[in-house]
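Geometric and topological summary
Each chain, letter by letter, is given below.
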Amino acid sequence: MSEERVICIDIGYSKVAAAIVDSDVNNQPEVLGVGEAPTNGLFRGKVKEVEAVSDSIRNAVMKAFETIGSGKVDRVLVGITGMEIEGLNSCGVAPIQAHNRTITDRDIETAINNAKAVSLPTDRQIFLIGQQQFVIDDKIVSSNPIKMAASNKLEAQVHLLTCLENIKENFERCLIDAGIEHSQIYYSGAVGAEAVLSLQERDLGTLYIDFGKDTIDVLFYKNQSLHYSKVYSFGFNLITNDLCLCYRISYDDAEHLKKEGTAYPLTDSEDLQVYIRGLNGQDMKICRQKEINEVIEARVTELLELIAADFRKSNFQSDLKFGVVLAGGGALQTGIEQCVKKIFGTAVRIAVPEKINGLKASFLTPAYVSLYGLMRFADRQTGCTVVNEDEIRSSRRDGGARRGRWRLFFANIADFFRSFL
């Protein structure tokens, strides 16, 4: 068994999912326990109530520990989204002084640090850096230029994800309030995408869309790198709200209608009758399935057309060679594949996590792709570089050198959480 045990926590807007991951005798990832709890205290990517979110995190982790009891953990990986994330491409140059000098790690670090030295509003910070590629002497393009010869300069091309500072700090406060003082926070969209996208998909050009309850994450990969990202502060919860208003029914009943309906009706002759319970104990209503499907289709089409329009503005539309990959709970909506194919005119597939030893089959659905991404990230690093706290502080307008390293969290979390009972 590996000496390192990791807790992965995915903070979504419908649920918080937690998994305890270790390695088996063959050094393969093994899930020791999984737990989840409904998310409270979040709205459209923002923390509304710290205590409510903390309780959700604590409950999910405690359920994960129920199957193994107590135990020491070495790292805590947390996935979050929302936060009014904005992505931008940047480049930085490291001068090479001597003729035909070999490129070193220091040259790469200098180029990336210079790429990070962008002017940002005072309330924003760099949250994640996605490495794209390096250009040597304006001629040679490489994904790993170590030990290559250069006579002029090394240019690093990166994709920067920025977020509002106070929003990220609020998530950190929720974790601290839940008893987790030191954690590594990642963008769940990128971690999930890099876990389920194949090397070929990330190389040829693929648009990854994660449909959440209150947010939608959109990322575009080509040449093995992240080139475009956008996070929308709304999600498939809009469909549920539409059904609530159209039929004057409760939220739970509307959720049921959404799951039973389809976003892409196959025929125009759906005359099935659906019985709906009215609000406040009112009499049952009789509605046609076709009308329900039309409500779902209209909203899904609107969301997808907005995503497609924004993506076209990025000028990467012609690079969409492989297709679209869907994840998140919204990817379970019947007919979503046909809708995406109609609007984007390309191949579509729905991503599901691969089997990990100890992970139950009920978690092998698109709704758990982000948690799966954290599990895989605990096993091996992905192509994204996460910026630590000191680097974030030095990425503002005044620049500064990178300082410090992530601290590992060594504590008996199970016993600590039991103190709240």
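Everything numeric in this text was worked out from a predicted model, so none of it was measured. (Residues numbered from 1 in each chain as written. Predicted model: local features only at pLDDT ≥ 70, side-chain atom pairs only at ≥ 80, totals over all residues. Heavy atoms only, no water.)

Some thoughts on the overall build of the protein chain
Here is the rule we go by: Strands here mean DSSP runs of E at least two residues long; helices mean DSSP runs of H or I at least four residues long; both are numbered from the N terminus. Note on classification: 1.4 Å probe, protein chains only; a residue is buried when its accessible area is under 20% of the maximum for its type, exposed when over 50%, partly exposed between these limits. We call two residues in contact whenever any of their non-hydrogen atoms come within 4.5 Å of each other. Residue-level accessible areas treat just the shown protein chains as cover; the underlying method is Shrake-Rupley with a 1.4 Å probe.
Helix and strand content of the protein chain: 12 helices and 21 strands. Counting the 421 residues in the protein chain, one finds 54% classified as buried. Considering only intrachain contacts with a sequence separation of at least 6, the fraction spanning at least 24 residues in the protein chain is 67%. When the accessible surface of the protein chain is split by element, carbon and sulfur atoms take 47% of a total near 19400 Å².

Concerning the environment of Gly 323
For Gly 323, the location among the structural elements is in strand E19 (residues 323-327). The class for Gly 323 is buried, based on a relative accessible area of 2%. With near-sequence residues (within four places) excluded, Gly 323 lies in contact with Gly 205, Thr 206, Leu 207, Thr 346 and Ala 347.

Some details on the pairing of strand E14 (residues 206-211)
Here is the key point about a regular strand: its side chains alternate between the two faces of the sheet. Applicable threshold: Pairing between strands is defined by DSSP: at least two bridges between them are needed.
Most of E14 sits inside the fold, with six of its six residues counted as buried. What you see with E14 is no split at all: Thr 206, Tyr 208 and Asp 210 on one side and Leu 207, Ile 209 and Phe 211 on the other are buried throughout. Pairing analysis gives six bridges linking E14 to strand E15 (residues 216-222), with the strands arranged antiparallel. Counterpart to Tyr 208 in the pairing with E15 is Leu 219. As consecutive antiparallel partners, E14 and E15 are separated by four residues.

Looking at the packing of helix H4 (residues 188-196) against helix H10 (residues 369-379)
Where we set the bar: To obtain an axis, a line is fitted to C-alpha atoms, over the contacting stretch when the element is a helix, and the angle between two such axes runs from 0 to 180 degrees between their N-to-C directions. Put simply, angles under 35 degrees are roughly parallel, angles over 145 are roughly antiparallel, angles from 65 to 115 are roughly perpendicular, and the rest are oblique. All amino acids are sorted into three groups, where Ala, Val, Leu, Ile, Met, Phe, Trp, Tyr, Cys and Pro are nonpolar, Asp, Glu, Lys and Arg are charged, and the leftover types, Gly among them, are polar.
For the pair H4 and H10, interaxial distance at closest approach is 7 Å and the crossing angle is 75°. As far as their axial angle goes, H10 and H4 are roughly perpendicular. Where H4 abuts H10, its residues Ser 188, Val 191, Gly 192, Ala 195 and Val 196 lie against Val 369, Ser 370, Tyr 372, Gly 373, Leu 374, Arg 376 and Phe 377. Residue composition of the contact of H4 with H10, grouped by class: seven nonpolar, four polar and one charged.

What about the packing of aromatic side chains?
Under the convention used in this document: The aromatic pairing rule takes the rings of Phe, Tyr and Trp, using the six-membered ring of Trp, and pairs them if the centres are within 6.5 Å, calling planes under 30 degrees apart stacked, those over 60 edge-to-face and the rest tilted. Criterion for a charge above a ring: Lys NZ or Arg CZ within 6 Å of the ring centre, and within 35 degrees of the ring normal.
A complete count under the given rule lists seven aromatic pairs for this structure. Ring geometry for Phe 211 versus Phe 236: centroids 4.9 Å apart, planes at 45°, classification tilted. Here the residue Phe 211 occupies a position in strand E14, and Phe 236 occupies one in the loop between strand E16 (225-232) and helix H6 (237-247), the gap between them amounting to 25 residues. By relative accessible area, Phe 211 is classed as buried at 1%. Given a relative accessible area of 5%, Phe 236 falls into the buried group. Grouped by ring-pair contacts, the aromatic residues Phe 220, Tyr 228, Phe 311 and Phe 316 constitute a single cluster. Stacked on the ring of Tyr 368, the Lys or Arg Lys 15 has its end atom at 4.7 Å from the ring centre.

Quick word on the pattern of salt bridges
Definition in use: What counts as a salt bridge is simple: a side-chain nitrogen of Lys or Arg found within 4 Å of a carboxyl oxygen of Asp or Glu.
Using the criterion set out here, one finds 11 salt bridges in the structure. With a closest N to O distance of 2.6 Å, Glu 201 and Arg 349 form a salt bridge. Here Arg 349 lies in strand E20 (residues 348-350) and Glu 201 lies in helix H5 (residues 199-204), a separation of 148 residues in the sequence. We classify Arg 349 as partly exposed; its relative accessible area is 29%. Linking Arg 299 and Asp 242 is a salt bridge whose minimum nitrogen-to-oxygen distance equals 2.7 Å. Placement of the pair is Arg 299 in helix H8 (residues 289-313) and Asp 242 in helix H6, with a sequence separation of 57 residues. A relative accessible area of 15% means that Asp 242 is categorised as buried. The network of salt bridges with shared partners includes Asp 242, Arg 299 and Glu 302.

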